[in-house]
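# Observations on chain architecture
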Amino acid sequence: MQAVQFTEHGDRDVIEYGDFPDPEPGKDEALVDVKAGALNHLDVFTRRGLPGVDLEMPHIPGSDAAGVVTDIGEDVTRVEVGDRVAVTAGVSCGECEFCRHGEHSLCESYHLIGEHVRGVHAEQAAVPAANLVHVPDDVDWVTAAAAPLTFQTAWRMLMTRADIEAGESILILGASGGVGQAAVQIADYAGAEVYATASTDEKLEYAEECGADHTINYAENDFASEMRELTDGRGVDVVVDYVGPETWDDSTKCLAKGGRLVTCGATTGPKAETNINRVFWKQIDILGSTMATLGEVDDVLSLVWDGTFEPRIRETLPMSEATRAHEMLEEREGFGKVVVIPDSER
Ligand SMILES: [Zn+2]
């Protein structure tokens, strides 16, 4: 088969699209004929190399994909040959204390397809059957591939961890990114008053289309002072910050008393200073969130399949142009998901 792959970590030029041995499904796996894949910032971090992650080379990147089941292992009952499916990347053991409580993304051996093991940006992929979600006939492949990682991440972060309620106010930083656009749509769906930041007016317009009620251009204005003005000094109930050190201190400033700061990542680095006085005086909760449980994945994807949520697409490229796809993410060009299609499917 043809696969996007790299044999060493590095810049974009390590990426190749070429021959790779056909995968064979293990006894609890299914073989998927990939119709479309989508990129996440994780693909860039994985290509550059993550501390503590030792990959089997060559590595196939990619955590999001959708396609048709063409073969199944002997123990598989969840899917059949011919089923239309989307891949959810989080692999859990099903047996540890956290899995037994249904907390799959807390699994002791939790790992991601594409980050820790070979991914799905290839003509075929063998993945655990538990990681497949059925896709209705009327949902196109691009939508099915673009939704799983970002929508499950935003869903758990807002609906489970921050437990947002109708009428609450929420600030979402970086609203034009993959998780950002999903978070804006989900917060709007939950009945929250949504504040969103982005770096250009075009991206802000896009955030408004996704459901933001108020937008702030953080490249032109200090968003913390802007938020103070917009909320008459009160602040918001919830801040979504996956930016990290660049925004962390300002995020705690933007919170109302009793507010929650929720994070699912740190794109500008892992270490930030926290003003502890502000944490105890305002009685702030700091909440971490990673991916989602399999039940949460089913819940949010059913709302994508019925059109309630829509993953916005930035660009669709052939897999042979995966290097360009990585460039679009690294250079933060435009907004929405970058999708790659096997050249043989175009
Ligand atoms: Zn487990």
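About the criteria used
- Per chain, the residues get numbers from 1 upward, laid out in the order the sequence is written.
- For a predicted model such as this one, the threshold for reporting local features is a pLDDT of at least 70, and the threshold for listing and counting side-chain atom pairs is 80 or more; totals across whole chains, interfaces and linings nevertheless cover every residue.
- Excluded from the side-chain calculation are hydrogens and water; included are all heavy atoms of the structure.
- Runs of H or I in DSSP of at least four residues are treated as helices and runs of E of at least two as strands, each being numbered from the N terminus.
- For this analysis, residues touch if any pair of their heavy atoms sits within 4.5 Å.
- Because no water is among the atoms considered, metal sites can look incomplete, with donors defined as N, O and S atoms within 2.8 Å of the metal, or 3.2 Å for Na, K and Ca.
- Tetrahedral means four donors with every angle between 85 and 135 degrees, whereas square planar (four donors) and octahedral (six donors) require angles over 155 degrees between opposite donors and between 65 and 115 for all others; sites fitting neither are termed irregular.
- Throughout this description, buried means an accessible area under 20% of the type-specific maximum (1.4 Å probe, protein chains only), exposed means over 50%, and partly exposed covers the range between.
- For two strands to be treated as a pair, DSSP must find at least two bridges joining them.
- For crossovers, right-handed means that the path from the first strand over the helix to the second runs clockwise, given strands pointing away from the viewer.
- Polar contact is the term for a pair of N or O atoms within 3.5 Å; when the atoms are in protein, one must be able to donate a hydrogen and the other to accept it, and sequence-neighboring residues count only if both atoms are side-chain atoms.
- We call a set of buried residues a nonpolar core when its members are Ala, Val, Leu, Ile, Met, Phe, Trp, Tyr or Cys and they connect through side-chain atoms within 4.5 Å of each other.
- Every axis corresponds to a line fitted to the C-alpha atoms, with the helix fit spanning only the stretch in contact, and the corresponding angles, defined between N-to-C directions, vary from 0 to 180 degrees.
- With respect to orientation, any angle under 35 degrees is reported as roughly parallel, any angle over 145 as roughly antiparallel, any angle of 65 to 115 as roughly perpendicular, and every other angle as oblique.
- Three categories are distinguished: nonpolar for Ala, Val, Leu, Ile, Met, Phe, Trp, Tyr, Cys and Pro, charged for Asp, Glu, Lys and Arg, and polar for the others, with Gly belonging to the last.
- UniProt positions are given in the numbering used here, feature names are shortened, and annotations may be inferred rather than shown by experiment.
- Between Lys or Arg on one side and Asp or Glu on the other, a salt bridge is scored when a side-chain nitrogen of the former is within 4 Å of a carboxyl oxygen of the latter.

Under the annotation held in an unreviewed UniProt entry, the chain carries the name Zinc-binding dehydrogenase and is attributed to Halococcus dombrowskii.

### Section: the side chain of Thr150
With respect to the secondary-structure elements, Thr150 resides in helix H4 (residues 148-161). Aside from chain neighbours lying at most four places away, what touches Thr150 is Asn40, Gly178, Val179, Ala182 and Lys337.

### Regarding the coordination of the zinc ion
Around the zinc ion, the protein contributes the donor atoms Cys93 (SG), Cys96 (SG), Cys99 (SG) and Cys107 (SG), at 2.3 to 2.4 Å from the metal centre. Coordination at the zinc ion comes from four donor atoms whose angles at the metal span 103 to 115°, giving a geometry best classed as tetrahedral. Spacing between the donor residues of the zinc ion along the chain follows C-x2-C-x2-C-x7-C. Side by side, Cys99 and Cys107 carry an identical accessibility label, which is buried.

### Topic: the pairing of strand S14 (residues 255-263)
Two faces, one strand: in a regular strand the side chains alternate between the faces of the sheet. Where burial is concerned, most of S14 is hidden: seven out of the nine residues are buried. Direction of pairing for strand S13 (residues 236-240) relative to S14: parallel, over a ladder of four bridges. The residue bridging Val238 from the neighbouring strand is Arg260, located in S14. Note that the unit made of S13, helix H8 (residues 248-254) and S14 has a crossover that is right-handed. As paired strands, S14 and strand S15 (residues 285-288) are joined by four bridges and run parallel to one another. Directly across from Thr263, in S15, lies its bridge partner Gly288.

### A few points about the environment of Ser344
Looking at where Ser344 falls in the secondary structure, it is placed in the segment after strand S17 (337-341). Taking relative accessible area as the criterion, Ser344 reaches 51% and is therefore assigned exposed. In this structure the C-alpha to C-alpha distance between Ser344 and Pro318, which are 26 residues apart in sequence, comes to 8.8 Å. One polar contact links Ser344 to Glu123, side chain to side chain, over a distance of 2.7 Å.

### Describing unusual backbone geometry
Along the chain, Met57 connects to Pro58 via a cis peptide bond; the corresponding omega equals -5°. You can see Pro58 is positioned in the loop between helix H1 (41-48) and strand S4 (64-72). Of note, the phi angle at Asp163 is positive, near 50°, even though the residue is not glycine. Relative to the helices and strands, Asp163 resides in the loop between H4 and strand S10 (169-172).

### Focus on the nonpolar core
Ranked by internal contacts, the top residues of the largest apolar core, which has 51 residues, are Ile172 and Trp305. In contact with Ile172, other than residues within four places in its own chain, are Gly180, Ala183, Val184, Ala187, Val194, Tyr195, Ala196, Thr197 and Val240. Formed by 42 residues, the second largest nonpolar core is a distinct cluster that contains Val53, Val69, Ile113 and Leu149.

### A word on the packing of H1 against helix H11 (residues 322-330)
Taken N-terminus to C-terminus, the directions of H1 and H11 make an angle of 110°; their axes are 9 Å apart at the nearest point. In this view, H1 runs roughly perpendicular relative to H11, as classed from their interaxial angle. Together, His41, Asp43, Val44, Arg47 and Arg48 of H1 and His326, Leu329 and Glu330 of H11 make up the contact between the two elements. Its residues assigned to classes, the contact of H1 with H11 comprises two nonpolar, two polar and four charged.

### Here's the deal with the UniProt feature "domain: Enoyl reductase (ER)" (unreviewed entry) in the chain
Residues annotated in UniProt with the feature "domain: Enoyl reductase (ER)" (unreviewed entry) correspond here to residues 10-340. Here residues 10-340 is 29% helix and 24% strand, with 20 Å between the C-alpha atoms at its ends.

### Details of the pattern of salt bridges
Per the counting criterion, the structure on display carries 19 salt bridges. For Glu209, the salt bridge identified is with Arg312, shortest N-O distance 3.5 Å. One end of the pair, Glu209, is in helix H6 (residues 201-210); the other, Arg312, is in the loop between helix H10 (294-305) and strand S16 (313-318), and 103 residues separate them in sequence. Overall, the relative accessible area of 54% leaves Glu209 in the exposed class.

### Observations regarding the sheet that holds S10
Read from one edge to the other, the open sheet built from six strands follows the order S12-S11-S10-S13-S14-S15, with strand pairing classed as parallel. Strands at the two margins of the open sheet, each flanked by one partner only, are strand S12 (214-217) and S15. Between one strand and the next, the sheet's axes are offset by a mean angle of 20°, whatever the strand orientation. In the sheet, S10 pairs with S13 via three bridges, with the strands oriented parallel. Opposite Ile172, over in S13, you have Val240 as the bridge partner. This element, H4, spans S13, S14 and S15 of the sheet and lies at about 145° to S14. The strands touched by helix H7 (residues 223-230) are S10, strand S11 (193-198), S12 and S13; relative to S12, the strand with the most contacts, the crossing angle is about 150°.

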